[in-house]
Amino acid sequence: MFKIGCHLSVSKGFYHMGSEALSIGANTMQFFTRNPRGSKAKPIDEKDIEKFLSFCKENNITSFLAHAPYTLNPCSSNPETREFALQTMEDDIKRLSLLGECMYNFHPGSHTGQGTETGIQQITDLLNKIITPQQKPIILLETMAGKGTEVGKTFEEIAGIIEGVNVKEKIGVCLDTCHVHDGGYNIKDDLDGVLEEFDKVIGIGRLKAIHLNDSMNPCGAHKDRHEKIGEGHIGIEAFTNIINNKYLKDIPFYLETPNELDGYAKEIATLKKLRTQE
Ligand code: FE
Ligand code: FE
Ligand code: ZN
């Protein structure tokens, strides 16, 4: 089944977000767990969440993807920054448990000059402190573009983090098409080759979510500037291949393109037309 949605705002509540998803033809969605700049989370409104969950059930909206604030840095050279990331993520996971089987995506972070090896070590240390076998949400590592000192720009770096995690059944990967393209993986001309590489290094079974974004920059630019689907360097043909690929077709897709609601509705409609698989 084609699971397609986009990033939505949860600022007016979960139920409101669910109804927005339905109104734009989405059957899944992503949202920030709190203000993306990482401030305090809003108190939980259990009534709102209950209403949201039954609304989603009725309308076959599933695979909720929560995104951690992108300002967190689990591998900063500053121990206080790392501690802040740990506490925020721990709190997020606790709060997300109310949603049931959702997924929690985060950016591995930037090593800020400490080196990739140290960065990977600090990320696995953090994950080993917060992941429990009992928790409901699965934690996803997002593939990064390699801007500055970002960790997670190669499949090897992502695999290195996973290797150090004790509770492996709670960890997965979110592949961002703009990020991997900017990171130097040619998903435009060699999607099969890139996925083979992913499978060899990480294991395709770890892939749990896909961020669908075109890129403003050429492959390998290490920039991370998202573009509307079909208007960037990746192009519509590549997205047609991506959403119909046999390894990817059953994984949920989330748009994070520069759009308002109406723009997302259009992109979702376009992608549905390009989908040839059931
Ligand atoms: Fe992200
Ligand atoms: Fe992303
Ligand atoms: Zn990005």
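Rules used in this analysis
- Residues numbered from 1 in each chain as written.
- Chains lettered and ligands numbered in written order.
- Predicted model: local features only at pLDDT ≥ 70, side-chain atom pairs only at ≥ 80, totals over all residues.
- Heavy atoms only, no water.
- Donors = N, O, S within 2.8 Å, 3.2 Å for Na, K, Ca; no water.
- Helix = DSSP H or I, 4+ residues; strand = E, 2+ residues; numbered from the N terminus.
- Buried < 20%, exposed > 50% of the residue type's maximum accessible area, 1.4 Å probe, protein only.
- Pairing = 2+ DSSP bridges.
- Right-handed = clockwise from strand over helix to strand, strands pointing away.
- Arc of directions from axis to C-beta.
- Contact = heavy atoms within 4.5 Å.
- Patch = residues over 30% accessible without salt bridge, like charges linked within 9 Å, V, L, I, M, F, W, Y side chains within 5 Å.
- Areas by Shrake-Rupley, 256 points an atom, 1.4 Å probe, with all protein chains shown as cover.
- Salt bridge = Lys/Arg side-chain N within 4 Å of Asp/Glu carboxyl O.
- Lys, Arg positive; Asp, Glu negative; His and termini not counted.
- Charge placed at Lys NZ, Arg CZ, Asp CG, Glu CD.
- Polar contact = N/O pair within 3.5 Å; in protein donor to acceptor, adjacent residues only side chain to side chain.

Novice: So what's going on with the coordination of the iron ion (ligand 1)? Which residues, and what values?
Specialist: Protein coordination at the iron ion (ligand 1): the donors are His 67 (NE2), His 107 (NE2) and Glu 142 (OE), at 2.1 to 2.3 Å from the metal. Along the chain, the residues that donate to the iron ion (ligand 1) are spaced as H-x39-H-x34-E. The iron ion (ligand 2) is placed at 3.3 Å from the iron ion (ligand 1), the two being bridged by Glu 142. Note that His 107 is positioned in the loop between strand S4 (103-106) and helix H4 (116-130) and Glu 142 in strand S5 (residues 138-142), a separation of 35 residues in sequence. Note on His 107: relative accessible area 18%, which makes it buried.

Novice: Explain the coordination of the zinc ion (ligand 3) to me, and be specific about the residues and the numbers.
Specialist: Only His 179 (NE2), Asp 224 (OD) and His 226 (NE2) from the protein coordinate the zinc ion (ligand 3), and they sit 2.0 to 2.2 Å from it. Linear spacing of the donor residues for the zinc ion (ligand 3) on their chain is H-x44-D-x1-H. Here the zinc ion (ligand 3) and the iron ion (ligand 1) are spaced 5.4 Å apart. Under the relative-accessibility criterion, Asp 224 is labelled buried at 16%.

Novice: Account for the pairing of S4, with residues named and values stated.
Specialist: Where burial is concerned, the two faces of S4 agree: the one with Met 103 and Asn 105 and the one with Tyr 104 and Phe 106 are both buried. Judged from the 3 bridges that link them, strand S3 (residues 65-67) and S4 form a sheet pairing that is parallel. Within S4, the position partnered with Leu 65 by the bridge is Met 103. You can see the chain leave S3, run along helix H3 (residues 79-96) and come back into S4, and the turn it takes is right-handed. Where S4 lies against S5, 4 bridges are found, and the strand directions are parallel. Considered in S5, the bridge of Met 103 is made with Ile 138. A crossover links S4 with its parallel partner S5, the connecting element being H4, and its sense is right-handed.

Novice: Explain helix H7 (residues 191-201) to me, and be specific about the residues and the numbers.
Specialist: Among the residues of H7, Leu 191, Val 194, Leu 195 and Phe 198 are the ones counted as buried. Down the axis, H7 shows its buried residues gathered within 95° of arc, on one side only. Opposite the buried face of H7, by more than 90 degrees, sit the exposed residues Glu 196 and Lys 200. Contact partners of the buried residues in H7: helix H5 (155-164), strand S6 (171-176), strand S7 (207-212) and helix H8 (236-244). Positioned one or two residues after H7, Gly 203 has a phi angle of 100°, which is positive.

Novice: Kindly report on a negative patch on the surface, identifying the contributing residues and their values.
Specialist: Taken together, the side chains of Asp 189, Asp 190, Asp 192, Glu 196 and Asp 199 make up a negatively charged region of the molecular surface. Here Asp 190 is to be found in the loop between helix H6 (177-182) and H7.

Novice: Provide a residue-level description of the side chain of His 111, including the pertinent values.
Specialist: By the element assignment, His 111 lies in the loop between S4 and H4. What makes His 111 buried here is its relative accessible area of 11%. Here the side chain of His 111 touches Gly 113 through a polar contact of 3.0 Å, landing on its backbone nitrogen. With near-sequence residues (within four places) excluded, His 111 lies in contact with Cys 75, Ser 77, Thr 116, Gly 119, Thr 149 and Val 151.

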